[in-house]
Amino acid sequence: MSRSAVITDTLDTRLNTIIAENGGTVSGQTVTYNVGNVTPGTPITVAFRARVVTPLANGTVISNQSRVTDASGSNVISDDPALPGASDPTRFTVRSVPRLTVTKRVSNTATPGNVYAPNDRIAYDITVRNSGTENAANVVISDVIDPSLTAIDPGANGTVAGSTVTYTRTTLAALTSVAPGTSVSVRVLATIRRPLANGTIIANRASGTADTLTPVLSDDPDTAAVNDPTTITVTSSPRFVVTKSVLDVNGGSFLPGDQVRYTIRVLNTGGANATNLVVNDPVDTRLTSPVPTPGGTFGAGGIRWDSSNTPVLATLAVDASVDLFFTANIATPLDDGTVINNQARVTSDGVAVVISDDPNTPAANDPTALRVTSAADLSASTKEILNAAGMLSLIHI
């Protein structure tokens, strides 16, 4: 019988988080079991658990051997029964690999929330994390930017070739080796092209790779879907700036009977082309004989321009403008100081009515006004004079 038997096992330093079962104790890297007396032919089994440290190179061999001593001075080391030799240590080979996960988020740098419009500056934040058990060597991050984006800026640590952004160890030293449990993040800036149709979807995925690994595509962590592209939907519409000015064709003041000329300018400052524009302009009754150009029709007290009579109104491109005109005569007679206001109204597919503004006044969206200058006409006046003989004489003034 073996009396006062003790099992000890000093573990390799590449093992940690040691837990002794069956009543054992742990001190540093050593597990101890005081098993007492052991009867011949009666086996004693003990167990412990440990975790392999990370990172650890693939193919690392970890050896382990227990030792049993007793009161008689016996000292026996363990043998691995799976091996043919005697007193073999128990060995296992570590299978260690890097494993990359890539996430990609998008945000609007100017406007919080999920609204994206043409000409907005957006940011893509790409994070590559090593969730494996070995260092990831020579990590490469690449991102093919959607053609609906322009002015691509990968920052100081990236390069751009065409529409592809790349980060390597040459430009970002942190990518030389990414340890398990750590990550590297980069940011790509870009601008949404203008014009761009409303509802345009811009979907984008980055990729990450390293030595011995195949490329891994990014996931959008802000959605429930797994391994999905990072997507934005563009909100875009035309936006009109409408001005209306007036001049006296003969120059000078606005006199009764003078012909005046109105100019309506419609400018599209929005993010999408405008289609099927309609311009309506109610004409004051104190303006007579209105004649619109180009195209346009007069009826029911107003002028209407649309694509049926003015083809240029079928489409108005972004940053383009169109000028419409009409002439009319100031009615006569009119009191001096009479003010005649006029304001046009513009709409198109998907755009609410926009009223014209007089560009010659500081007020916004105000009607275009002309003030009539009028004086009495005394050209047919006469003066009666009685002479000393009582004769009446008429003098034209």
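Since the model is a prediction, treat every value here as computed from it, not as a measurement.

Asks: Give me the lowdown on the overall build of the chain, citing residues and values where you can.
Replies: On a plain count of helices and strands, the chain comes out with zero helices and 37 strands. C-alpha extents for the chain along the principal axes are approximately 175 × 35 × 35 Å. The buried share of the chain, reckoned over its 397 residues, is 35%. For the chain, the proportion of contacts with a sequence separation of at least 24, taken over those separated by at least 6, is 68%. Accessible surface computed for the chain: about 21,000 Å², of which carbon and sulfur atoms make up 53%. In the chain, which carries 26 positive and 33 negative side-chain charges, the distance between the mean positions of the two groups comes to 8 Å.

Asks: Report on the pattern of salt bridges, specifying residues and quantitative values.
Replies: Tallying each qualifying case throughout the model produces 10 salt bridges. Salt-bridge contacts for Arg 265 lead to Asp 323; the nearest nitrogen and oxygen are separated by 2.6 Å. Remark: Asp 323 occurs in strand S31 (residues 321–330) and Arg 265 occurs in strand S24 (residues 259–268); sequence separation between them is 58 residues. Among the residues examined, Asp 323 registers a relative accessible area of 23% and is labelled partly exposed. The partner of Arg 286 in a salt bridge is Asp 284, with the nearest N and O atoms 2.9 Å apart. Given a relative accessible area of 29%, Arg 286 falls into the partly exposed group.

Asks: Describe the sheet that holds strand S7 (residues 66–69), naming the residues involved and giving the relevant values.
Replies: With antiparallel pairing, five strands are arranged side by side in an open sheet as S3-S4-S1-S7-S8. The outermost strands of the open sheet, each flanked by one partner alone, are strand S3 (25–27) and strand S8 (75–77). Direction aside, neighbouring strands of the sheet carry axes that sit 25° apart on average.

Asks: Just give me the short version of the side chain of Asn 108, but keep the residues and values in it.
Replies: Positionally, Asn 108 belongs in strand S10 (residues 100–108). In this structure the side chain of Asn 108 is engaged in a polar contact, spanning 3.2 Å, whose partner is the backbone nitrogen of Thr 111. A polar atom in the side chain of Asn 108 sits 2.9 Å from the side chain of Asp 120.

Asks: Explain the sheet that holds strand S28 (residues 297–299) to me, and be specific about the residues and the numbers.
Replies: The strand order across the open sheet built from five strands is S28-S29-S26-S33-S34, with neighbouring strands paired in antiparallel fashion. Two strands bound the open sheet, and with one partner strand each, they are S28 and strand S34 (351–355). Taken over all neighbouring pairs, the strand axes of this sheet differ in orientation by 20° on average, direction set aside. The pairing of strand S26 (residues 278–282) with strand S29 (residues 302–305) spans four bridges and is antiparallel. Each residue of the ladder has a partner; that of Val 279, found in S29, is Trp 305.

Asks: So, the environment of Thr 150: which residues are in play, and what are the values?
Replies: Looking at the secondary structure, you find Thr 150 in strand S14 (residues 149–153). Under the relative-accessibility criterion, Thr 150 is labelled partly exposed at 29%. For the pair Thr 150 and Arg 105, spaced 45 residues apart in the sequence, the C-alpha separation amounts to 18 Å. Beyond its immediate chain neighbours, meaning those up to four positions away, Thr 150 contacts Arg 121, Ala 190, Thr 191 and Arg 193.

Asks: Quick one: what's the story with unusual backbone geometry, residue by residue and with numbers?
Replies: The omega torsion of the bond from Thr 54 to Pro 55 falls at 5°, within 30 degrees of zero and hence cis. Note on placement: Pro 55 falls in the loop between strand S5 (48–52) and strand S6 (61–64). In this structure, Pro 195 follows Arg 194 across a cis peptide bond, with omega equal to 5°. Among the secondary structure elements, Pro 195 is positioned in the loop between strand S18 (183–192) and strand S19 (201–204). With a phi close to 80°, Asn 119 is a non-glycine residue in the positive phi region. With respect to the secondary-structure elements, Asn 119 resides in the loop between S10 and strand S11 (121–130). Positive phi, normally seen in glycine, also occurs at Thr 212, with a value near 75°.

Asks: Which residues make up the packing of aromatic side chains, and what are the values?
Replies: Working definition: an aromatic ring pair is given by the centre-to-centre distance plus the angle between the planes. Applying the stated rule across the entire model yields one aromatic pair. Taken together, a centroid distance of 4.7 Å and an interplanar angle of 20° make the contact between Tyr 262 and Phe 326 stacked. Within this pair, whereas Tyr 262 is found in strand S24, its partner Phe 326 is found in strand S31, the two being separated by 64 residues in sequence. Like Tyr 262, the residue Phe 326 is buried in the burial classification. Above the ring of Tyr 262, the side-chain terminus of Lys 244 is found at 4.9 Å from the ring centroid.

Asks: Describe the side chain of Asn 204, listing the residues and the values that go with them.
Replies: Mapped onto the elements, Asn 204 comes out in strand S19. Of the residues examined, Asn 204 reaches a relative accessible area of 3% and is grouped as buried. Of the polar contacts made by the side chain of Asn 204, one reaches the backbone oxygen of Val 144; its length is 2.7 Å.

Definitions and cut-offs
- Residues numbered from 1 in each chain as written.
- Predicted model: local features only at pLDDT ≥ 70, side-chain atom pairs only at ≥ 80, totals over all residues.
- Heavy atoms only, no water.
- Helix = DSSP H or I, 4+ residues; strand = E, 2+ residues; numbered from the N terminus.
- Buried < 20%, exposed > 50% of the residue type's maximum accessible area, 1.4 Å probe, protein only.
- Contact = heavy atoms within 4.5 Å.
- Areas by Shrake-Rupley, 256 points an atom, 1.4 Å probe, with all protein chains shown as cover.
- Lys, Arg positive; Asp, Glu negative; His and termini not counted.
- Charge placed at Lys NZ, Arg CZ, Asp CG, Glu CD.
- Salt bridge = Lys/Arg side-chain N within 4 Å of Asp/Glu carboxyl O.
- Pairing = 2+ DSSP bridges.
- Axes fitted to C-alpha atoms, helices over the stretch in contact; angles between N-to-C directions.
- Polar contact = N/O pair within 3.5 Å; in protein donor to acceptor, adjacent residues only side chain to side chain.
- Phe/Tyr/Trp six-rings, centres within 6.5 Å; stacked < 30°, edge-to-face > 60°.
- Lys NZ or Arg CZ within 6 Å of the ring centre and 35° of its normal.

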